[in-house]
Amino acid sequence: MTQMNQAMIEKYRSSFLKEVETNVEEGHWVKMCMQCGVCSGSCPLGPHWEHPPQEIFMMIRANKRDEVLKSSSMWFCTSCYNCIARCPRGLPITHIMHGLASYSKKLGLAPKSQPTESFGQIFWNSIASNGRVNELKIGLALQFKDGFGQGVKNAMAQKDLGMAMMKTKRMNPMEFFGGHTCKDKSGIARMLKKAQEVEDQHIANYGAGK
Amino acid sequence: MSEVIATNQTILVVGGGISGLTAALEAAECGKQVILLEKSPTVGGRVAQLYKYFPKLCFPTCGLEIQYRRLKANKNIRLLTLAEVTQVTGSEGDYDVTVALSPRYVTENCTACGDCEKAVAAEFDDEHNYGLKQRKGAYLPSMMAYPQRYVIDPRIIGTADAEAAKGACKAGAVDLDMQAQSLNLKVGAIIWATGWTPYDAAKIQPYGYDRFANVITNVEFERMLDPFGPTGGKIVRPSDGQAPSNIAFIQCAGSRDRNHLLHCSRICCMATLKQTNYVRENLGDAAKSTVYYIDIRAIDRIDDFHRKVKADANVSFTKSKVANIAENKANGNLVLHGVDTEGYNRYANEHDLVVLAVGMESTVPAGVFPEGFKINEHNFIELDPANGAIYGAGCSSDALDVNRAAQNATASALRAIQVINRVAGQEG
Ligand SMILES: Cc1cc2nc3c(=O)[nH]c(=O)nc-3n(C[C@H](O)[C@H](O)[C@H](O)COP(=O)(O)OP(=O)(O)OC[C@H]3O[C@@H](n4cnc5c(N)ncnc54)[C@H](O)[C@@H]3O)c2cc1C
Ligand code: SF4
Ligand code: SF4
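Summarised in this report is the structure supplied together with it. Given the structure is predicted, the values throughout are model-derived calculations rather than measurements.

1. Here's the deal with the site of ligand 2
Every one of the 14 residues lining ligand 2 counts as a neighbour, but Cys 33, Cys 36, Gly 37, Cys 39 and Cys 87 of chain A are closest to it. Of the residues that constitute the shell around ligand 2, the class distribution is 10 nonpolar, three polar and one charged.

Set out below in structure tokens:
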């Protein structure tokens, strides 16, 4: 269990709702949900979620901390915004789902090898090191994320798509060797370092109970 | 038209629905002078368009007839139909009101024999039946119209139809030269009771009211039950005229919703419960009703009605706001998609008729009242010192059922009476 997770459990012992309200992006909206079900029914990926948004909001209020934070549900959100457009109470549901996902990752509770979560990490690694997204490397990293054998199988299955993309110049094989970067790589690195400091301070404040 | 006399001891009531009628009668029966303005050719308002009304399920004639009799008997009320207020200025005890009067083209001599109607060919959407039926260009707005006097639709003026109507009238009541008029009234207090209009169901895009024939509204459903209505009193599917066997009612269609009306319309839960009763009465065990709801708002004594409906084996309840509707092209049925709140089960239920329980949208107009006049975020007129002696009544003050609208109207009459008493006291 991460240190931050332990600190949060201590701090919000009996109220997960409070914890969400203070620490999750747009979390203060959760209590406004009237449990009508429109968001869950409007979600194109709804049938694949273990807990649709409406249920997640109820679980938060029912103090089901572990079940929510370890759930893969919010990682299924594709940002289609159907739910936000239709919610009669105006909850920014999409943003809350992303807020919950990133909070659970911060606490080290996100489900391992959840594809959206893995993709997010790979994307981040690419952009953080070069200031640019290397699509070829991201694609390969994703295909090989479950080991070399599975990776070869995945790559073979997708080879026609890959060839077509190269033919239409949507993917450049030379990107494999280094790849393009932004002009001021060290500037990007400094900016991210600063952001990390702000974030660390934020987390330290949680731990200190501030 | 004989002259309309108004002074700053006159109470003006705007809107002749159940609320306006009640307020006007209460004030007039206390001896005050009242002018009652109604925009349409008849008083009665939306209540006259209901088949029956809860909680006692009596026909609207029952409540309205008594009011009409009181109205006829009272010398203190002057009723003007086809009258609309365009401007109010002034303050408590001293208002100037501008009224636009539209011509009816039929005088007091009308005996309501209907000869003009027979002589006219042109037809238009019948407002009383929400356009589900056509009516002639010379018409009586409804069986229960008051005054019982015909109207000539302005759209036939200047055509051969208008001359035919005039020629057919043995009482000589058709006057094609009638003109629009403007009136200026001086009054001491104003009761605003212009009621409501059904929320436009086509704006609720996922429910497809504008695309699917068998998605209708609750106000249309009321009209279907009327023996003189568009379907002769039968519940049918608009697509094929067949009796439905599996009806869905969707609550809060356009109410309690940031994208539509923010307020709870308060009556649509009860209206639906009432309408499941119509289904049982009309189709017996051949039809089932399912009510999709967020929560049923049947408050205090009307909860008994709710319990009775719950005991009906043909009515079931699903706690869920339907997310969207798709049409089954093969049979015109509707597939309702959503997730329920009792177990979070995903459903795709097929029904052969869907009734949207649309809410009541206030018709309080903009740009008519004196400066600084307060209308709340739901377009209702609340009690507010800033509003002087202009009082909202019935559905101009809140979403109310008939019972509460009448109570509310009586209260506004009492307020207006006190203003007039103060004015009279000052004038000695
Ligand atoms: C589907 C449905 C079913 C219902 N069933 C029931 C029921 O069973 N029992 C019950 O108690 N309630 C029921 N209600 C509620 C009921 O209809 C209202 O309580 C009632 O109509 C309120 O009366 P009102 O006089 O305030 O408004 P209205 O009935 O709307 O009357 C307003 C009047 O003002 C006139 N007017 C409008 N604008 C102007 C203007 N600018 N100038 C002059 N006149 C104007 C209108 O023509 C109308 O005559 C139902 C509502 C719905 C939607
Ligand atoms: S649509 Fe809005 S109010 Fe309805 S359940 Fe979802 S979040 Fe709650
Ligand atoms: S009365 Fe019922 S259906 Fe109407 S808005 Fe309120 S809760 Fe919804």
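2. Quick word on the pattern of salt bridges
A complete count under the given rule lists 32 salt bridges over all chains for this structure. A salt bridge links Glu 21 of chain A to Lys 31 of chain A; its shortest N-O distance comes to 3.2 Å. Here Lys 31 of chain A lies in the loop between helix H2 (16–23) and helix H3 (38–42) and Glu 21 of chain A lies in helix H2, a separation of 10 residues in the sequence. Its relative accessible area of 25% is what places Glu 21 of chain A among the partly exposed residues. Here Lys 70 of chain A and Asp 66 of chain A are joined by a salt bridge, their closest N and O atoms 3.2 Å apart. Relative accessible area serves as the criterion here: at 37%, Asp 66 of chain A is assigned to the partly exposed category. Three or more residues are tied together by salt bridges with common partners; here these are Glu 127, Arg 135, Asp 153 and Arg 155 of chain B.

3. Quick look at the side chain of Thr 276 of chain B
Residue and element names in this part refer to chain B. Turning to its location among the elements, Thr 276 is positioned in helix H6 (residues 268–283). Given a relative accessible area of 2%, Thr 276 falls into the buried group. The residues touching Thr 276, leaving out its near neighbours within four places in the chain, are Phe 249, Ser 289, Val 291, Val 309 and Val 315.

4. Quick word on the sheet that holds strand E15 (residues 288–293) of chain B
All names here are of chain B. In space, the five strands of this open sheet follow the order E13-E20-E14-E15-E16, with parallel pairing throughout. Single-partner strands in this sheet number two, and they are strand E13 (215–217) and strand E16 (315–319). The average undirected angle you get between the axes of adjacent strands in this sheet is 25 degrees. The strands touched by helix H5 (residues 218–225) are E13, strand E14 (246–253) and strand E20 (353–358); relative to E13, the strand with the most contacts, the crossing angle is about 85 degrees.

5. Examining the sheet that holds strand E19 (residues 346–351) of chain B
Residue and element names in this part refer to chain B. The three strands lie next to each other as E17-E18-E19, forming an open sheet whose pairing is antiparallel. Unpaired on one side and paired on the other, strand E17 (324–328) and E19 mark the two borders of the sheet. Averaged over all neighbouring strand pairs, the angle between strand axes comes to 25 degrees, with direction disregarded. Two strands pair when backbone bridges link them, and strand E18 (residues 333–339) and E19 are joined in this way by six bridges, in the antiparallel orientation. In the strand pairing of E19, Leu 336 is matched with Asn 349.

6. Observations regarding the nonpolar core
Residue and element names in this part refer to chain B. Core analysis: the biggest nonpolar cluster contains 61 residues, and Val 97 and Ile 190 have the highest contact counts within it. With nine residues, the single largest contributor to this core is helix H8 (residues 402–427). Beyond its immediate chain neighbours, meaning those up to four positions away, Val 97 contacts Leu 12, Val 85, Gln 87, Val 88, Leu 183, Asn 184, Leu 185, Val 187 and Ile 190. Core analysis: the next-biggest nonpolar cluster, separate from the first, contains 36 residues, Val 219, Phe 249, Met 270 and Ala 298 among them.

7. Things to note about the packing of aromatic side chains
Counted under the stated rule, the structure contains 10 aromatic pairs over all chains. Ring geometry for Phe 144 of chain A against Phe 148 of chain A: centres 5.7 Å apart, planes inclined by 35 degrees, an arrangement best described as tilted. For Phe 144 of chain A, a relative accessible area of 28% translates into the label partly exposed. With a centroid separation of 6.1 Å and an interplanar angle of 80 degrees, the aromatic rings of Tyr 293 of chain B and Phe 317 of chain B are classed as edge-to-face. Note that Tyr 293 of chain B is positioned in strand E15 and Phe 317 of chain B in strand E16, a separation of 24 residues in sequence.

Thresholds applied
- Residues numbered from 1 in each chain as written.
- Chains lettered and ligands numbered in written order.
- Predicted model: local features only at pLDDT ≥ 70, side-chain atom pairs only at ≥ 80, totals over all residues.
- Heavy atoms only, no water.
- Near = heavy atom within 4 Å.
- Nonpolar A, V, L, I, M, F, W, Y, C, P; charged D, E, K, R; others polar.
- Salt bridge = Lys/Arg side-chain N within 4 Å of Asp/Glu carboxyl O.
- Helix = DSSP H or I, 4+ residues; strand = E, 2+ residues; numbered from the N terminus.
- Buried < 20%, exposed > 50% of the residue type's maximum accessible area, 1.4 Å probe, protein only.
- Contact = heavy atoms within 4.5 Å.
- Pairing = 2+ DSSP bridges.
- Axes fitted to C-alpha atoms, helices over the stretch in contact; angles between N-to-C directions.
- Core = buried A, V, L, I, M, F, W, Y, C linked by side-chain atoms within 4.5 Å.
- Phe/Tyr/Trp six-rings, centres within 6.5 Å; stacked < 30°, edge-to-face > 60°.

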